[in-house]
Amino acid sequence: MSGGRAELACNVSLQSADDAITLILWYRADTSGVPIYTVDARHGPLEQAVHTPMSSVFGAGRALFDLSVRPAILRLEPVLDDDGMEYRCRVDYRWGRTMSTFITLIVIGKPAPYVHWYRDNELIDDTYTYGTGNNTAHNELYINKLTRTGHHRY
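These numbers were taken from a predicted model, which means no experiment stands behind them.

Asker: Tell me about the state of the cysteines, and name the residues and values.
Answerer: For the structure on display, the rule yields one disulfide. Between the sulfur atoms of Cys10 and its disulfide mate Cys89 the distance is 1.9 Å. Negative torsions about the S-S bond denote left-handed disulfides, and the value of about -65° found for Cys10 with Cys89 makes this one left-handed. Of the two residues, Cys10 sits in strand 1 (residues 6-10) while Cys89 sits in strand 7 (residues 86-93), which places them 79 residues apart along the sequence.

Asker: Just give me the short version of the UniProt feature "domain: Ig-like" (unreviewed entry) in the protein chain, but keep the residues and values in it.
Answerer: Per the UniProt record, "domain: Ig-like" (unreviewed entry) is annotated on residues 1-100. Secondary structure content for residues 1-100 is 4% helix and 40% strand, and the end C-alpha separation is 25 Å.

Asker: Please give an account of the sheet that holds strand 6 (residues 72-76) that cites residues and values.
Answerer: Sheet architecture is open: three strands sit in the order 1-6-5, paired in antiparallel fashion. The sheet is open, and its two borders are formed by strand 1 and strand 5 (63-66), each paired with just one other strand. Looking at each pair of strands side by side, their axes are set apart by 20° on average, direction ignored. Examined bridge by bridge, strand 1 and strand 6 share five bridges and lie antiparallel to one another. Counterpart to Ala9 in the pairing with strand 6 is Ile73.

Asker: Residue-level account of the sheet that holds strand 3 (residues 37-40), with values.
Answerer: Spatial ordering of the open sheet is given by 4-3-2-7-8, a layout of five strands whose pairing is antiparallel. Each having just a single partner strand, strand 4 (50-53) and strand 8 (99-104) make up the two edges of the open sheet. Across the sheet, the axes of successive neighbouring strands diverge by a mean angle of 10°, strand direction being ignored. The pairing of strand 2 (residues 21-28) with strand 7 spans seven bridges and is antiparallel. Looking across to strand 7, one finds that Ile21 is bridged to Tyr93.

Asker: Outline the pairing of strand 5, listing residues and values.
Answerer: Two strands pair when backbone bridges link them, and strand 5 and strand 6 are joined in this way by four bridges, in the antiparallel orientation. Within strand 6, the residue paired with Phe65 across the bridge is Leu74. Hairpin connection from strand 5 to strand 6: five residues lie between these consecutive antiparallel strands.

Asker: Which residues make up the environment of Leu74, and what are the values?
Answerer: Assignment of secondary structure puts Leu74 in strand 6. Separated by 64 residues in sequence, Leu74 and Cys10 have C-alpha atoms that sit 7.7 Å apart. Discounting residues that sit within four places of it in the chain, Leu74 has contacts with Ala6, Glu7, Leu8, Trp26, Tyr37, Ala63, Leu64 and Phe65.

Rules of the game
- Residues numbered from 1 in each chain as written.
- Predicted model: local features only at pLDDT ≥ 70, side-chain atom pairs only at ≥ 80, totals over all residues.
- Heavy atoms only, no water.
- Disulfide = S-S within 2.5 Å.
- Helix = DSSP H or I, 4+ residues; strand = E, 2+ residues; numbered from the N terminus.
- UniProt positions renumbered as here; feature names shortened; annotations may be inferred.
- Pairing = 2+ DSSP bridges.
- Axes fitted to C-alpha atoms, helices over the stretch in contact; angles between N-to-C directions.
- Contact = heavy atoms within 4.5 Å.

Next comes the structure, spelled out in structure tokens:
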């Protein structure tokens, strides 16, 4: 959901016991083949690899690739409406063939408004209509006879 957190999974399993991951690249459909997040382990172990998120996509600290879990996950927080698209995680190995994982992130925007009327914590009306562009909800509650006892009950 927009404003929440998304976790995009990437398979970083080794293909053989004597192999090692050298490079992990995350791509997004709107970046024309330019990686949006890079984990570079070409000069040392994966645990000490340099993580480089693309600042023009993620700003300051909005993305983190967590290699401590399996499958590894790219966390995005907060999720923006523009984050909804296809992602690809590419894993390069020293000896094995390159593997890619494709993920489609669907971002749900702000939920549609709704109107519910309650009296003494009991639902009395939940009918409503949407206004133009689904940005408003409309409901009219008619109370035929309102007395002082109705004060703060609706």
